[in-house]
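# Report on the structure
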Amino acid sequence: MKIVVIGGAGYIGSHVARELLDRGHQVTVFDNLSTGTRENLFSDEEFIHGDILTTDSLRQAFSQGFEALIHLAASKAAGESMIKPEKYSVNNITGTLNILNAASEAGIGNIVFSSSAAVYGEPQYLPIDEDHPTVPENYYGFTKLQIEGFLRWYEKLKGIRSASLRYFNAAGYDAAGRITGLEHNSANLLPVIMEVAMGWRNNLQIFGDDYDTEDGTGVRDYIHVSDLARAHAAALEYITEKKQSLTVNLGSESGLSVLQILETTRKISGKKVPVEVVGRRPGDPGKLVASSAKAKELLGWKATESDVDSLVSTSWNAYGKAIRL
Ligand code: UDP
């Protein structure tokens with residue numbers, strides 16, 4: 001299939017592009033390189049340096065004719081979205097509407113969209129399935145939920161089918177070491193902990209150790225980015241073959257605490273990884289774990305690389321190879 005991957009030079013996008021290329025698809029990456037990097041581009045794909053906020057650059061790119069589009073271009077820091085909602089309105093909402101309009105004009109009928117578990121907000125029960133109420137706690141999650149709504153309308157009005165993939169916590173790197181571009185200024189736990197282990201940061205701040213969890217630190221469902229990448233390919237096959245849209249959770253169905261990740265990092269890296277316990281981060285729930293039963297049933301997909309050792313060791317390998325930019 002001829003596929004355009006918007007945000008394909010980024011952390012998750014590059015893994016998705018690699019997976020699609022490995023499956024024999026023809027891939028074009030469209031990216032403004034604001035957080036993505038040229039290092040994440042592959043010789044067997046085409047690259048367009050364009051911006052989703054510039055409708056002309058989207059139109060021009062889409063005039064090549066694509067059967068499907070994967071949309072991963074967004075701002076993603078939940079905390080920042082509460083301080084700078086304008087940035088999230090523009091990049092996430094306006095950017096997506098530009099993509100939808102250009103796609104409908106160009107006749108692209110299949111979209112796989114990076115949604116988020118942030119659409120659910122504070123968990124009312126665990127594990128979280130797709131029927132869980134969607135009451136986002138932060139503006140980032142709200143933008144993702146709104147986009148899911150736009151996608152439903154564009155299906156009704158324009159016949160564009162879509163898969164909304166509600167990621168839990170993406171982590172890890174390609175086990176074969178083919179992705180070498182690191183994230184910059186990420187506020188997520190794994191990149192931060194890796195930067196401390198590398199000696200690039202002084203310590204890991206643990207955001208609260210008084211949660212109602214086994215060791216008091218926050219528990220999340222970490223999903224390996226290569227597991228996520230396989231799910232994108234499976235979701236695309238589903239919507240094109242079954243001719244039906246889809247909304248699914250993508251998680252490992254198991255929870256890991258901050259301390260479990262920390263101890264595994266210390267073990268695998270052999271580094272001390274100094275920590276400082278600070279207060280809770282506003283809006284952070286104590287525990288989030290996914291039910292991925294629906295993805296298993298509809299896509300035949302489940303996480304296979306998301307154990308804590310794989311998450312940490314593949315990350316450590318990627319960071320070990322990196323030249324800090
Ligand atoms: N966390 C932390 N220190 C950090 C970053 C994250 O203690 O520097 C904790 C955070 O409170 C949460 C977990 O690690 O319990 C995952 O946070 P992250 O920001 O990676 O993802 P989120 O679940 O907030 O989307």
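For the structure itself, consult the block above.
For the structure given in this document, a descriptive report is provided here. (Residues numbered from 1 in each chain as written. Predicted model: local features only at pLDDT ≥ 70, side-chain atom pairs only at ≥ 80, totals over all residues. Heavy atoms only, no water.)

### Here's the deal with the nonpolar core
- Ranked by internal contacts, the top residues of the largest apolar core, which has 61 residues, are I70, I193, L204, L250 and L299.
- With 10 residues, the top contributor of residues to this core is helix 7 (residues 225-242).
- Excluding anything up to four places from it in sequence, I193 contacts L204, I261, L262, T265 and V273.
- Residues F66, A73, I111 and I160 belong to the second largest nonpolar core, which totals 22 residues. (Core = buried A, V, L, I, M, F, W, Y, C linked by side-chain atoms within 4.5 Å. Buried < 20%, exposed > 50% of the residue type's maximum accessible area, 1.4 Å probe, protein only. Helix = DSSP H or I, 4+ residues; strand = E, 2+ residues; numbered from the N terminus. Contact = heavy atoms within 4.5 Å.)

### A short note on the packing of aromatic side chains
- Counted according to the given criterion, the structure contains 4 aromatic pairs.
- Ring centres of Y11 and Y173 lie 5.2 Å apart, and the angle between their planes is 50 degrees; on these two criteria the pair is classed as tilted. Placement of the pair is Y11 in helix 1 (residues 11-22) and Y173 in the loop between strand 7 (169-171) and helix 6 (189-197), with a sequence separation of 162 residues.
- Owing to a relative accessible area of 4%, Y173 belongs among the buried residues under this scheme.
- Aromatic pair W200 and Y319: ring centres 6.0 Å apart, planes at 45 degrees, arrangement tilted. Highlighted residues: W200 in the loop between helix 6 and strand 8 (204-207) and Y319 in helix 10 (residues 308-321), separated in sequence by 119 residues.
- Residue W200 is classed as partly exposed on the basis of its relative accessible area, which comes to 22%.
- Among the aromatic residues, ring-to-ring pairing joins Y11, Y173, W200 and Y319 into one connected group. (Phe/Tyr/Trp six-rings, centres within 6.5 Å; stacked < 30°, edge-to-face > 60°.)

### Focus on the site of the ligand
- The full set close to the ligand counts 15 residues, and L189, Q205, R220, R281 and D284 are the nearest of them.
- Between the ligand and N169, the relevant distance is 3.0 Å, taken from an oxygen atom to a side-chain nitrogen or oxygen of the residue.
- In this structure, R220 approaches the ligand through a side-chain N or O atom, which is 2.6 Å from an oxygen atom.
- Where the shell around the ligand is concerned, the elements lending two or more residues are helix 6 and strand 8. (Near = heavy atom within 4 Å. Polar contact = N/O pair within 3.5 Å; in protein donor to acceptor, adjacent residues only side chain to side chain.)

### Examining the sheet that holds strand 2 (residues 26-31)
- Across the sheet, which stays open at both edges, the 7 strands sit in the order 3-2-1-4-5-6-11 with parallel pairing between neighbours. In this open sheet, the two strands that pair with only one neighbour each are strand 3 (46-49) and strand 11 (246-250). Between one strand and the next, the sheet's axes are offset by a mean angle of 20 degrees, whatever the strand orientation.
- Sheet topology note: the strand 1 (residues 2-6)/strand 2 ladder contains 5 bridges and is parallel. Counted as the bridge partner of I3 is V27 from strand 2.
- Lying over the sheet, helix 5 (residues 139-158) contacts strand 5 (110-116), strand 6 (161-167) and strand 11, oriented at roughly 160 degrees with respect to strand 5. (Pairing = 2+ DSSP bridges. Axes fitted to C-alpha atoms, helices over the stretch in contact; angles between N-to-C directions.)

### Some details on helix 7
- An ideal rise of 1.5 Å per residue puts 26 Å on 18 residues; helix 7 measures up with 25 Å between its terminal C-alpha atoms.
- Of all 18 residues in helix 7, 14 are buried; the element is thus mostly enclosed.
- Among the residues trailing helix 7, K243 stands out with phi positive, at a value near 55 degrees. (Expected span 1.5 Å × (residues − 1).)

### Focus on the packing of helix 6 against helix 8 (residues 258-269)
- Packing of helix 6 against helix 8 leaves a shortest axis separation of 11 Å and a crossing angle of 35 degrees. Once helix 6 is placed against helix 8, the crossing between them reads as right-handed. Facing helix 6, whose interface residues are L189, L190, I193, M194 and A197, helix 8 presents V258, I261, L262, T265 and S269.
- Looking at the contact of helix 6 with helix 8 residue by residue, the class counts come to 8 nonpolar, 2 polar and no charged. (Left-handed = near helix turned anticlockwise from the far one by under 90°. Nonpolar A, V, L, I, M, F, W, Y, C, P; charged D, E, K, R; others polar.)

### Topic: the side chain of S186
- With respect to the helices and strands, the residue S186 is situated in the loop between strand 7 and helix 6.
- Given the relative accessible area of 5%, S186 is considered buried.
- From its side chain, S186 meets the backbone nitrogen of N188 in a polar contact 3.2 Å long.
- Ignoring any residue separated from it by four or fewer positions in sequence, one finds S186 in contact with K76, P191, V192 and R201.

In short, the description is geometric, and any link to function would need to be established separately.
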